[in-house]
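So you can see what is in the structure, the chains are spelled out below.
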Amino acid sequence: MALTDPDLLFAPETRSLARALHASVKDLPIVSPHGHTDPRWYALNEPFPDPAQLLIVPDHYIFRMLFSQGVRLEELGVPTLADPTFDCAPVETDGRTIWRRFAEHYYLFRGTPTRLWLDHVFEHLFGIGEPLNANTADAHYDTIATLLQREDYRPRALFERFNIEVIATTEGALDDLKWHRAIRDSGWNGRVVTAYRPDAVVDPDFEGFSANLDRLGEITGCDTGTWAGYLDAHRKRRAYFKEFGATSSDHGHPTAETANLSDAAAGELFNRIRRGSDDERERRLFRAQMLTEMAKMSRDDGLVMQIHPGSWRNHSPSIFQKFGRDKGFDIPTRTDYVTALKPLLDCVGLERDLTIILFTLDETSYARELAPLAGVYPALKLGPAWWFHDSPEGMRRFREMTTETAGFYNTVGFNDDTRAFPSIPARHDVARRVDCAFLARLVAEHRLREEEAHELARELAYTLAKKAYRL
Ligand SMILES: [Zn+2]
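How each quantity is defined
Chains are numbered independently. Their residues run from 1 in the order of the written sequence. The predicted nature of this model means local features are confined to residues of pLDDT at least 70 and side-chain atom pairs, given and counted, to a pLDDT of 80 or more, with totals for whole chains, interfaces and linings taken over all residues. To obtain the side-chain values, all non-hydrogen atoms of the structure were included, while hydrogens and water were left out. Note that water is not among the atoms used; donors are N, O and S atoms within 2.8 Å of the metal (3.2 Å for Na, K and Ca), so sites may look incomplete. We count a stretch as a helix when DSSP gives it H or I for four or more residues in a row; a strand needs E for two or more, and each element gets its number in order from the N terminus. At least two bridges found by DSSP between two strands is the condition for calling them paired. Buried residues are those whose accessible area, probed at 1.4 Å on protein chains only, stays under 20% of the maximum for their type, while exposed residues exceed 50% and partly exposed ones sit between those limits. We call two residues in contact when some of their heavy atoms are within 4.5 Å. The salt bridge criterion pairs a side-chain nitrogen of Lys or Arg with a carboxyl oxygen of Asp or Glu, the two atoms within 4 Å. Only buried Ala, Val, Leu, Ile, Met, Phe, Trp, Tyr and Cys residues count toward a nonpolar core, and they belong to the same one when joined by side-chain atoms within 4.5 Å. Paired rings are identified among Phe, Tyr and Trp, the last through its six-membered ring, by centres lying within 6.5 Å, and are further divided according to the angle between planes into stacked (under 30 degrees), edge-to-face (over 60) and tilted (the rest).

Asks: Could you give an account of the coordination of the zinc ion, naming the residues involved and the relevant values?
Replies: Only His 34 (NE2), His 36 (NE2) and Asp 417 (OD) from the protein reach the zinc ion as donors, at distances of 2.1 Å. The sequence motif formed by the donor residues of the zinc ion is H-x1-H-x380-D. In this pair, His 36 is assigned in the loop between strand E1 (30-32) and helix H2 (39-44) and Asp 417 in the loop between helix H18 (392-406) and helix H19 (424-444), connecting sequence segments 381 residues apart.

Asks: Please give an account of the sheet that holds strand E2 (residues 164-168) that cites residues and values.
Replies: In space, the three strands of this open sheet follow the order E1-E2-E4, with parallel pairing throughout. Looking along the sheet, the strands with just one partner apiece sit at the ends: E1 and strand E4 (192-193). As paired elements, E2 and E4 share two bridges and run parallel to each other. The residue of E4 that forms the bridge with Ala 168 is Val 193.

Asks: Lay out the environment of Ala 288 in plain terms, naming residues and giving numbers.
Replies: Structurally, Ala 288 can be placed in helix H14 (residues 280-301). Among the residues examined, Ala 288 registers a relative accessible area of 1% and is labelled buried. Note: C-alpha distance between Ala 288 and His 140 (148 residues apart in sequence) is 48 Å. The contact partners of Ala 288, leaving out residues within four places of it in the chain, are Glu 257, Thr 258 and Ala 259.

Asks: Could you give an account of the pattern of salt bridges, naming the residues involved and the relevant values?
Replies: If you walk through the whole model with that rule in mind, you get 42 salt bridges. The partner of Arg 96 in a salt bridge is Asp 138, and the shortest N-O contact between them spans 3.3 Å. Of this pair, Arg 96 sits in helix H5 (residues 95-104) while Asp 138 is found in helix H7 (residues 137-148), placing the two residues 42 residues apart along the sequence. The exposure class of Asp 138 is partly exposed, given its relative accessible area of 27%. The residue Glu 293 makes a salt bridge to Lys 296 at a minimum N-O spacing of 3.6 Å. Here Glu 293 and its partner Lys 296 are both found in helix H14, three residues apart, which amounts to about one turn of the helix. The exposure class of Glu 293 is buried, given its relative accessible area of 6%. Residues participating in the shared-partner salt-bridge network are Asp 203, Asp 205, Glu 280, Arg 283 and Arg 287.

Asks: Explain unusual backbone geometry to me, and be specific about the residues and the numbers.
Replies: The residue Asn 45 is not glycine, and still its phi comes out positive at about 55°. In this structure, Asn 45 sits in the loop between H2 and helix H3 (51-55). Here His 446, not a glycine, exhibits a phi torsion of approximately 60°, which is positive. Relative to the elements of secondary structure, His 446 occurs in the loop between H19 and helix H20 (450-468). By relative accessible area, His 446 is classed as exposed at 74%.

Asks: Break down the nonpolar core for me, citing the residues and quoting the values.
Replies: Ranked by internal contacts, the top residues of the largest apolar core, which has 58 residues, are Trp 227, Tyr 230, Phe 286, Met 290, Leu 341 and Ile 356. Among all residues touching Tyr 230, those that are not within four sequence positions of it are Val 201, Val 202, Leu 213, Leu 216, Asp 223, Thr 224, Phe 270, Phe 286 and Met 290. With 49 residues, the next largest nonpolar core counts Ala 52, Leu 73, Ile 98 and Trp 188 among its residues.

Asks: Would you mind going over the packing of aromatic side chains in detail, with residue names and values included?
Replies: Following the criterion strictly, the structure yields 31 aromatic pairs and no others. Arranged with centres 5.6 Å apart and planes meeting at 75°, the rings of Tyr 42 and Phe 421 form a pair that is edge-to-face. Linking Tyr 42 in helix H2 with Phe 421 in the loop between H18 and H19, this pair joins segments that are 379 residues apart in sequence. Residue Tyr 42 shares its accessibility class with Phe 421, and that shared class is buried. A ring pair is formed by Phe 159 and Trp 188, whose centres lie 5.0 Å apart and whose planes are at 70°; its orientation type is edge-to-face. Here the residue Phe 159 occupies a position in helix H8 (residues 155-161), and Trp 188 occupies one in the loop between helix H9 (178-186) and E4, the gap between them amounting to 29 residues. For the pair Phe 159 and Trp 188, a shared accessibility class is recorded, and that class is buried. Three or more aromatic residues joined by ring pairs form one cluster here, namely Trp 41, Tyr 42, Phe 48, Phe 159, Phe 162, Trp 188 and Phe 421.

Asks: So what's going on with the environment of Thr 360? Residues and values would help.
Replies: On the secondary structure map, Thr 360 appears in the loop between strand E10 (356-358) and helix H17 (365-374). C-alpha of Thr 360 to C-alpha of Thr 335: the two residues are 25 residues apart in sequence and 7.7 Å apart in space. Ignoring any residue separated from it by four or fewer positions in sequence, one finds Thr 360 in contact with Tyr 337, Ser 365, Tyr 366, Leu 370, Trp 386 and His 389.

As structure tokens, then:
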């Protein structure tokens, strides 16, 4: 029995061409220019832990769904923060128990991308042909647990089997990059690069912001008590990240708001923020100014800038206090780009050697704002459908709403943006299938010649990501 069909995501009318396009790109190497896998895995190359710790516990796509249906996070092994004042249930540590609980609820994922990814992983990585449910839970668990002990299921072997040409991880500005150093020193030739993510030292609302700035000063030897020293510290960290292969920076801001203050005004704002301003408007303005500062640094040092706005992080304060960040309670909000990005674009938008990749969680902005912006400003490109929209429907809507104005060449191919290492081939395969199906439709409607569709299928699966991210 097979869990996945060779014609997955291909509509009947255009199936044969979609199939032919997919056949020509399905074995291309994976370029993964943005994601959140742990560099420690590739550095130490230890066996992955049990199936639950690998596939369930770290995956907020999975536990948020079960939580929404009444399963407690503790029952899924999600660790609580060590504060005894909270009323927490004991955290489940037995992998098999967590797995059974997950299997009983696997039907909840019908129609979701998580189901596509996991079935792909079960079949293609672990050779499983039976659907997962309460009855097959133990058999699946045993099969996966046994394989995970094998040499050819260790991180580096899987990296090679997945045909990953290059993968980027994401590290905070204060990270010492020791795992990246270990990978480099190990002599292994898998290409793992980092990306510069400075949220903790540019967002005054980030936990420990003031101490983070002190630490930034210690690491760089710059005086982060002054605006000039603080900017220099960023320049030094960016250069350090580039030594470990970074070609991009990444910025997760609540909004896309940017500012373009004079140096003197920015310096004064920094002084107020450094003293701990409790004025919400000032803290917002500082974040906005820092996006423009980062864009100017990108113009100078060539790092591709990614902006990931529009997520209301940690929407539930109780979950945040009990479990911390990234626990499924990040919720999309409406995002304005046309007004918000104008100060940044006035400053650097016409630069031809600068690349700023915009992402959105607000699909209403695609046709109205993002495609028109990226369709004219040389510095702008559109990132692929992201997070809540990293789904067949989301990817289709992305092409439908942006191609008319921005074409294909103002987009940057696919990135998996994932922490879930085993799902990387599945995610790229879904993206390649959706793009092939879209191209097949354009050919069927006589809007594209077949040879153009073949050329584009390759660009979307491989070349555009490499080019846009300078990899
Ligand atoms: Zn990301």
